[in-house]
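Summary of the model geometry
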Amino acid sequence: MTTPMVKTRFAPSPTGYLHVGGARTALFNYLFARRAGGQFVLRIEDTDQVRSTAESAAGILADMQWLGLNWDEGPAPGAAKNQYFQSMRLELYNQFIDELVRQGRAYEAYETPAELAAMRQQAEREKRPFRYRRDMPGRAQSRIGSGPAVLRFEMPRKDIVISDLVLGQVIVGADEHDDIIIRKSDGFPTYHFAVVIDDHDMGITHVLRAQEHLMNTPKHLALYDAFNWTPPEHGHLPLVFNMDGTKMSKREKARTARAAVQAATPKGQKPDLETLAANTGVAPDALAAFMAKKNDDAQIAVTVAAFMRTPLPEIDVQDFRRSGYLADALLNFVALVGWSPGGNQEILARPEMIDKFLVEGIGKTNGRFDRKKLLWMNGQYVRDQSLEALLAALESFLQVTDYPLARADGPTRLALLEMYRERTGTLAEMAENSRFFFEEPTIDPRAFEKFVINNDGAQLLQTSRKILEPVTPWNVQTLREPVEQILALGEKRGAAAQPIRVAVSGGSVTPPVLEMLALLGRETTLRRIDQTLANVKAT
Ligand code: GLU
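The text that follows walks through the structure, step by step, so that each part is easy to find.

The rules behind these values
- Position numbers for residues start from 1 in each chain and track the written sequence from start to end.
- Local features in this predicted model are restricted to residues whose pLDDT is 70 or higher, and side-chain atom pairs enter the listing and the counts only when it is 80 or higher, whereas totals over whole chains, interfaces and linings include all residues.
- Excluded from the side-chain calculations are hydrogens and water; all other atoms, namely the structure's heavy atoms, are used.
- We call a residue near a molecule or strand when any one of its heavy atoms sits within 4 Å of it.
- Polar contact is the term for a pair of N or O atoms within 3.5 Å; when the atoms are in protein, one must be able to donate a hydrogen and the other to accept it, and sequence-neighboring residues count only if both atoms are side-chain atoms.
- Computed with a 1.4 Å probe, the accessible areas rest on the Shrake-Rupley method; for each residue, only the protein chains presented here act as cover.
- Classes in brief: Ala, Val, Leu, Ile, Met, Phe, Trp, Tyr, Cys and Pro nonpolar; Asp, Glu, Lys and Arg charged; the others, Gly included, polar.
- Secondary structure is summarised from DSSP: a helix means a run of H or I of at least four residues, a strand means a run of E of at least two, and numbering begins at the N terminus for each.
- In this analysis, two residues are considered to be in contact whenever any of their non-hydrogen atoms come within 4.5 Å of each other.
- One requirement defines pairing of two strands: DSSP has to find at least two bridges between them.
- Relative accessibility thresholds used throughout: buried, under 20% of the residue-type maximum; exposed, over 50%; partly exposed, between the two (1.4 Å probe, protein chains only).
- Axis definition: a line fitted to C-alpha atoms, limited for helices to the stretch in contact. Angles are taken between N-to-C directions and run from 0 to 180 degrees.
- Side-chain rings of Phe, Tyr and Trp, where Trp is taken by its six-membered ring, are said to pair if the distance between their centres is within 6.5 Å; with planes under 30 degrees apart they count as stacked, over 60 as edge-to-face, and otherwise as tilted.
- Charge-over-ring placement is defined geometrically: NZ (Lys) or CZ (Arg) within 6 Å of the ring centre, and within 35 degrees of the ring normal.
- All tallies of charge rest on Lys and Arg as positive and Asp and Glu as negative; His and the ends of each chain are not included.
- In what follows, salt bridge is the name for a side-chain nitrogen of Lys or Arg lying within 4 Å of a carboxyl oxygen of Asp or Glu.
- Put simply, a nonpolar core is a bunch of buried Ala, Val, Leu, Ile, Met, Phe, Trp, Tyr and Cys residues held in one set by side-chain atoms that sit within 4.5 Å of each other.

Around the ligand sit Arg 9, Ala 11, Pro 12, Ser 13, Glu 45, Tyr 191, Val 195, Arg 209 and His 213, and those are all the residues in its vicinity. The separation between a nitrogen atom of the ligand and a polar side-chain atom of Ser 13 is 2.9 Å. Contact between the ligand and Glu 45: a nitrogen atom at 2.6 Å from a side-chain N or O atom of the residue. When the free accessible area of the ligand is taken as 290 Å², the share hidden by the protein chains comes to 81%. Residue composition of the shell around the ligand, grouped by class: 4 nonpolar, 2 polar and 3 charged.

See the structure below:
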């Protein structure tokens, strides 16, 4: 017998954006398949009709593409839903549901959610676990007076052993099983049922997924058993936590936005929500509910934080993209949250990750998401990438953000990348710091005071202007000598660079003066110097 080709899958539910933890699950499945020369499947699990949206599915596909986690089988972005959306596979599920009914392994159940909740509470009061079983006393036997029927699968009354690729053997005792719902009252299969049918039908050999699914696995194994199918191998991945041990959840955005509003409110007073609503355009009622923690609406959080000029913590893949992280750096970083290639190597290009990806390297304990390390790693990638790759990354970044740098042509972008790559952690940092090339800077009063008003700054600026004035044409070659002269002015080499920096950029930290002035152009440089000298006179 030949061993089947390795086939893994990533199976997100389209109920929101792609979380960075989900991206790691996708990456591990991708790496596992690629290392084995196998196939990687993307499947959209949209059986929850209420929570699934087309936008979310499209967003997940876009994020997967941005990450370069190319799938061999799956949805075609931009095209109509295909067979890799579970909502398109109802016929298949129903066939197998019918089979279980014929076997007598599935049965109708009639309790409403409220009735189930009451039964659970009753069990709690009696200090016994609540398990829904076909033979339990008090189970509704007919539809009369009850809700519409769901279909339940009768779980076997025996221990189930999971041989987990990561965690080893996990045994779930016979009396811990519930008879799971396999078809909901709306006619759709549940996740538990569809996932088994699909993993089997698509020939999946290995399933790597988050540890929160561990206790679902016995349910799935029982279904495989009922159909006489060989289950795929399962491996459950450690969770991803913040450094402080809290969960990396979307709620953090709401929390951060609320805290910013509170921090801007004078002590002892209540935040002025009316003004905030007017300024942000958020409906007053919605804003009040949000501030009262009645919901954690991500859109409101983003709007409020933008108005408060407070950065939100990145949680979803698209947040990291908008913050100017490179896809490769993000993947390299998340790979190491819960996986180790052995040794101390931290920077691994994709082929190397593929080469070294062994399930034995996956940890059993929760991973920590160290944002400082991510920032450091991104800086490494920014420095080490080829300029072409970096330019492509910048373009993709500018598509989803709104910086004046987006107006720059190709050569200008390249020049800026060359200037900033040594001194930038993220593309957003570069886009922010390079604003003065495209719009008039606001002068930082402290820098103006220190470098222009004091330390002979105005005098140095005046002299520098005289040296620059006659330069034409204006480029790196023609400016080299004059800039050398300027740097030699004053008592300490480079003293004259500071007032120029303040004049042209508004602050004292910029790329090297020569390249900066060359790109800014003669007219802008001289005009900003004149403006600054005029400001000196006015003080
Ligand atoms: N749709 C499930 C989720 O997003 C997939 C779980 C699995 O991998 O089986 O959590």
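This part is about the side chain of Thr 265. Position of Thr 265 among the secondary structure elements: in the loop between helix 7 (251-263) and helix 8 (273-280). Reaching out from Thr 265, the side chain makes a polar contact with the backbone oxygen of Val 261 at a distance of 2.7 Å. Excluding residues that lie within four positions of it along the chain, Thr 265 makes contacts with Lys 270 and Pro 271.

Two faces make up the sheet, and in a regular strand the side chains alternate between them. Relative to strand 6 (residues 168-172), strand 5 (residues 160-164) runs antiparallel, the two sharing 5 bridges. Following the sheet pairing, Val 161 is matched in strand 6 by Ile 171.

A word on helix 22 (residues 513-520). Judged by how many residues are buried, helix 22 sits mostly within the fold: 6 of 8 residues are covered. Those residues of helix 22 lying buried are Val 513, Leu 514, Met 516, Leu 517, Ala 518 and Leu 520. Of the surrounding secondary structure, the elements contacted by the buried residues of helix 22 are helix 16 (410-420), helix 19 (457-468), helix 20 (476-488), helix 21 (497-505) and helix 23 (522-538). After helix 22 finishes, the residue Gly 521 shows a positive phi value of roughly 95 degrees.

Here we come to unusual backbone geometry. For the bond from Thr 472 to Pro 473, the omega torsion is -5 degrees, close enough to zero to count as cis. Structurally, the position occupied by Pro 473 is in the loop between helix 19 and helix 20. A positive phi is found at Asn 228, a non-glycine position, where the angle reads about 65 degrees. By the element assignment, Asn 228 lies in the loop between helix 6 (217-227) and strand 9 (233-237). Judged by its relative accessible area of 73%, Asn 228 is exposed. You will see that Lys 293, though not glycine, has its phi angle at about 65 degrees, which is positive. Following the sequence through the fold, Lys 293 ends up in the loop between helix 9 (284-291) and helix 10 (298-308).

Strand order in the open sheet formed by 3 strands is 3-4-7, with antiparallel pairing between adjacent strands. Edge positions in the open sheet fall to strand 3 (106-109) and strand 7 (181-183), since each of these has one partner strand only. Neighbouring strand axes in the sheet, compared pairwise and without regard to direction, differ in orientation by 45 degrees on average. Both strand 4 (residues 150-153) and strand 7 contribute to a ladder of 2 bridges, which runs antiparallel. Residue pairing in the sheet places Leu 151 in a bridge with Arg 183 of strand 7. Along the sheet, helix 3 (residues 90-103) makes contact with strand 3, strand 4 and strand 7, crossing strand 7 at roughly 125 degrees.

All right, on to the packing of aromatic side chains then. Considering all chains together, one arrives at 13 aromatic pairs under this definition. Ring geometry for Trp 339 against Phe 357: centres 5.2 Å apart, planes inclined by 40 degrees, an arrangement best described as tilted. Linking Trp 339 in the loop between helix 12 (327-335) and helix 13 (350-356) with Phe 357 in the loop between helix 13 and strand 11 (367-369), this pair joins segments that are 18 residues apart in sequence. Note on Trp 339: relative accessible area 3%, which makes it buried. Assessed through its relative accessible area of 2%, Phe 357 is described here as buried. Between Phe 397 and Tyr 403, the aromatic rings sit 5.7 Å apart at their centres with planes inclined by 25 degrees, giving stacked as the arrangement. Summarising the burial analysis for this pair, Phe 397 and Tyr 403 share the class buried. Ring pairing ties together the aromatic residues Phe 96, Phe 193, Tyr 224, Phe 227 and Trp 229, which thus form one cluster. The side chain of Arg 258 reaches across the aromatic face of Phe 290, ending 4.8 Å from its centre.

Residue position: Glu 252 is located in helix 7. One buried charged residue, Glu 252, remains without a salt bridge, the closest side chain of opposite sign being Arg 371 at 4.7 Å. In this structure, Glu 252 is in contact with Asn 242, Lys 247, Pro 313 and Ile 315, ignoring residues within four places of it in sequence.

Right, let's get into the nonpolar core. One recurring pattern in soluble globular proteins: nonpolar side chains tend to sit buried together. Within the largest apolar cluster, 97 residues are counted, with the highest numbers of intra-cluster contacts made by Met 64 and Leu 67. Ranked by the residues each element gives to this core, the list is headed by helix 1 (residues 20-35), at 9 residues. Met 155, Ile 180, Leu 214 and Phe 227 belong to the second-largest nonpolar core, a separate cluster that totals 28 residues.

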